[in-house]
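Survey of secondary and tertiary structure
Chain by chain, the residues:
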Amino acid sequence: MNRPAANLSEVYPLVPLKSVSGRGVYLEDGRGRRVLDLYGGHAVAALGYAHPRLTEAIGRQAQALQFQSNIVALKIRDEAAERLADFAPEPLSRVFFVNSGAEANENALRIALRSTGRNKVVAMEHAFHGRTAAAAAVSWGSQSWYGFPRTPFDVTFVPRNDVDALQAAVGSDTAAVIIEPVQGVAGAFDFSRPFMAAARECCDRSGALLILDEVQTGVGRLGEPFGADYYDVRPDLLTAAKGLGGGFPCAAVLMTAELAADIGFGALGSTFGGGPLACAAINTVLEVIESDNLLARVRETSARIIETCVRGPVTGTCGAGLLVGLRTDPRAASVLEALLRKDILTGTSADPHVLRLLPPLILETRHVKRLARALEELDSETL
Ligand SMILES: Cc1ncc(COP(=O)(O)O)c(C=O)c1O
């Protein structure tokens, strides 16, 4: 891993690659090196790089109107909200635009606590929901980096897929259960269908709200519009970010009309959320997913990865859609380094033996073939 430039805070360990541009599923270093990007900027580059329709839409909006606040109605914002609500599962018909995944979760949790008047949240072991006060409070293991003197509400963590523990944890004091349908940072851990159904049942029984954190799983990544569709579970609140703007920073909280009616003026707000450039990006990402049939493509390339990439250092797979974990016998970090020497970028996760793939949704089977070949060629002695 490399160190950052002198004026950047030393927060992120860097992979040995400096990119200046990108095209399709490739990153370019300006000196002739082209790297196949199977990590997609943490799942953000949903349409890959320099997608002509996304570039054109952002450029066109930049010419027309670069910013206006939420006190002035915008045609492009109305369109983005309508398109996103149409894309989302019923009954999530209301949208509140924000800027990042953590901010979306912060607001979803606030809505749940305010609307139920309760003070406890049930979260999953190994979850990651962001680094702000409430989002980090429901992130597993955040005590080691939390930094605030106390969490804003009580949190109970439940072991993953343990239906009995979930049922025992959710009670009349629970405001919300928050789940990533497939845990990303934890290492592409996909919850069982019975567990997801039990989460909905526990919330119905106790009057708690079900929040799906789809910051990583949403907007087509699992081969369905959202993880809610993949699991056929209807949440009360859903958060989306990452791929939503295809690289333009933006996020959203989706909720039922009933919850939205409860919020009232002034309870939520954001200066930049729902800005015109973000909305132009959201409209285009959703349009391209539909017009280019990307959900079917995600299902197909995902199946191809699972069929063909268990080879070389890889002993199995986990996850769903294009949030795939490759279980590695050697440490995933050493497989990442070896693949990068072959000009393929992948990612690690909190599980030291899971290599995480979050490629652009436009990935093709020929790119999967290249990964499979590279894995085959990895020499166990160099790992
Ligand atoms: C599931 C999930 N929720 C929330 C976040 C936080 O998003 P952001 O970094 O945009 O605040 C992440 C980031 O990795 C995530 O994977």
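Residues numbered from 1 in each chain as written. Predicted model: local features only at pLDDT ≥ 70, side-chain atom pairs only at ≥ 80, totals over all residues.

Turning our attention to the sheet that holds strand β16 (residues 354–357). Strands sit in the order β13-β14-β16 across an open sheet of three strands; the sheet is antiparallel. Looking along the sheet, the strands with just one partner apiece sit at the ends: β13 (314–320) and β16. Strand-to-strand twist in this sheet, taken as the mean axis angle between neighbours without regard to direction, amounts to 25°. Judged from the four bridges that link them, strand β14 (residues 323–328) and β16 form a sheet pairing that is antiparallel. Note that in β16 the partner of L326 across the bridge is L355. (Pairing = 2+ DSSP bridges. Helix = DSSP H or I, 4+ residues; strand = E, 2+ residues; numbered from the N terminus. Axes fitted to C-alpha atoms, helices over the stretch in contact; angles between N-to-C directions.)

In the vicinity of the ligand, 15 residues are found, and the nearest of them are S100, G101, A102, G130 and V215. With three residues, the single largest contributor to the shell around the ligand is helix α4 (residues 101–116). Among the residues making up the shell around the ligand, the classes are represented as five nonpolar, eight polar and two charged. (Near = placed C-beta within 6 Å. Nonpolar A, V, L, I, M, F, W, Y, C, P; charged D, E, K, R; others polar.)

The next thing to look at is α4. If you check α4, its first and last C-alpha atoms are 23 Å apart, about what 16 residues at 1.5 Å a residue would give, namely 22 Å. With twelve of its 16 residues buried, α4 lies for the most part within the structure. Among the residues making up α4, those that are buried are G101, A102, E103, A104, N105, E106, N107, A108, L109, I111, A112 and S115. Once α4 finishes, G117 follows within two positions and takes phi at roughly 70°, a positive value. (Expected span 1.5 Å × (residues − 1). Buried ≥ 20, exposed ≤ 12 C-beta atoms within 10 Å, placed from the backbone.)

Once that is clear, we can look at the domain arrangement of the protein chain. Domains assigned within the protein chain are domain 1 (21–50 + 293–382) and domain 2 (52–291). Centre-to-centre separation of domain 1 and domain 2, based on C-alpha positions: 26 Å. At the interface, 27 residues of domain 1 touch 27 residues of domain 2. Elements represented by at least two residues in the side of domain 1 that touches domain 2 include exactly α1 (40–43), α11 (294–308), β13, β14 and β16. When residues in the side of domain 1 that touches domain 2 are grouped by element, the largest group, five residues, is from α11. (Domains from an automatic or database assignment. Contact = placed C-beta atoms within 7 Å.)

A rise of 1.5 Å per residue sets the reference length of helix α2 (residues 52–64), with its 13 residues, at 18 Å; its end C-alpha atoms lie 18 Å apart and thus fit the reference within 8%. Within the sequence span of α2, burial applies to L54, A57, I58 and Q61. On an axial view of α2, the arc spanned by its buried residues comes to 95°, and they lie on one face. Pointing more than 90 degrees away from the buried face of α2 are the exposed residues P52, E56, G59, R60 and Q63. Contact partners of the buried residues in α2: α3 (75–87) and α10 (276–291). (Arc of directions from axis to C-beta.)

Time to look at the pairing of strand β3 (residues 34–37). Where strand β2 (residues 26–28) and β3 come together, three bridges link them in antiparallel fashion. Residue Y26 lies in a different strand from β3, and its bridge partner there is L36. Here β2 hands over to β3 after five residues, with G30 in that stretch at a positive phi of 80°. Pairing between β3 and strand β15 (residues 344–345): two bridges, direction parallel. By the bridge assignment, D37 is partnered in β15 with L345.

Quick look at the pairing of strand β4 (residues 92–98) now. A large share of β4 lies buried, amounting to five of its seven residues. In the sheet, β4 pairs with strand β12 (residues 251–256) via six bridges, with the strands oriented antiparallel. Directly across from V95, in β12, lies its bridge partner L254.

The next point concerns unusual backbone geometry. Of the consecutive residues E90 and P91, the connecting peptide bond is found in the cis state with omega at 0°. One non-glycine residue with positive phi stands out, namely A50, at about 55°. Structurally, A50 is set in the loop between α1 and α2. With a phi close to 30°, K242 is a non-glycine residue in the positive phi region.

Relative to the elements of secondary structure, V310 occurs in the loop between α11 and β13. Spatially, the C-alpha atoms of V310 and E376 are 9.2 Å apart, while their sequence positions differ by 66 residues. Setting aside residues up to four positions removed in sequence, V310 forms contacts with T315, G316 and T317.

Let us now look at the packing of α2 against α10. Two elements in contact, α2 and α10, have axes whose closest approach is 9 Å; the angle formed by their N-to-C orientations is 155°. Put simply, α2 runs roughly antiparallel to α10. Handedness of the α2/α10 crossing: right-handed. Here R53, L54, A57, I58, Q61 and A62 of α2 come into contact with α10, specifically with P276, L277, A280, A281, N283, T284, V285 and V288. Broken down by class, the residue content of the contact of α2 with α10 amounts to ten nonpolar, three polar and one charged. (Parallel < 35°, antiparallel > 145°, perpendicular 65-115°, else oblique. Left-handed = near helix turned anticlockwise from the far one by under 90°.)

Moving on, we get to the packing of α11 against helix α13 (residues 365–377). Contact geometry of α11 with α13 gives a least axis separation of 10 Å together with a crossing angle of 20°. Between α11 and α13, the angle is such that the two are roughly parallel. Both α11 and α13 take part in a crossing whose hand is right-handed. Judged by residue contacts, T301, R304, I305 and T308 of α11 engage T365, V368 and A372 from α13.

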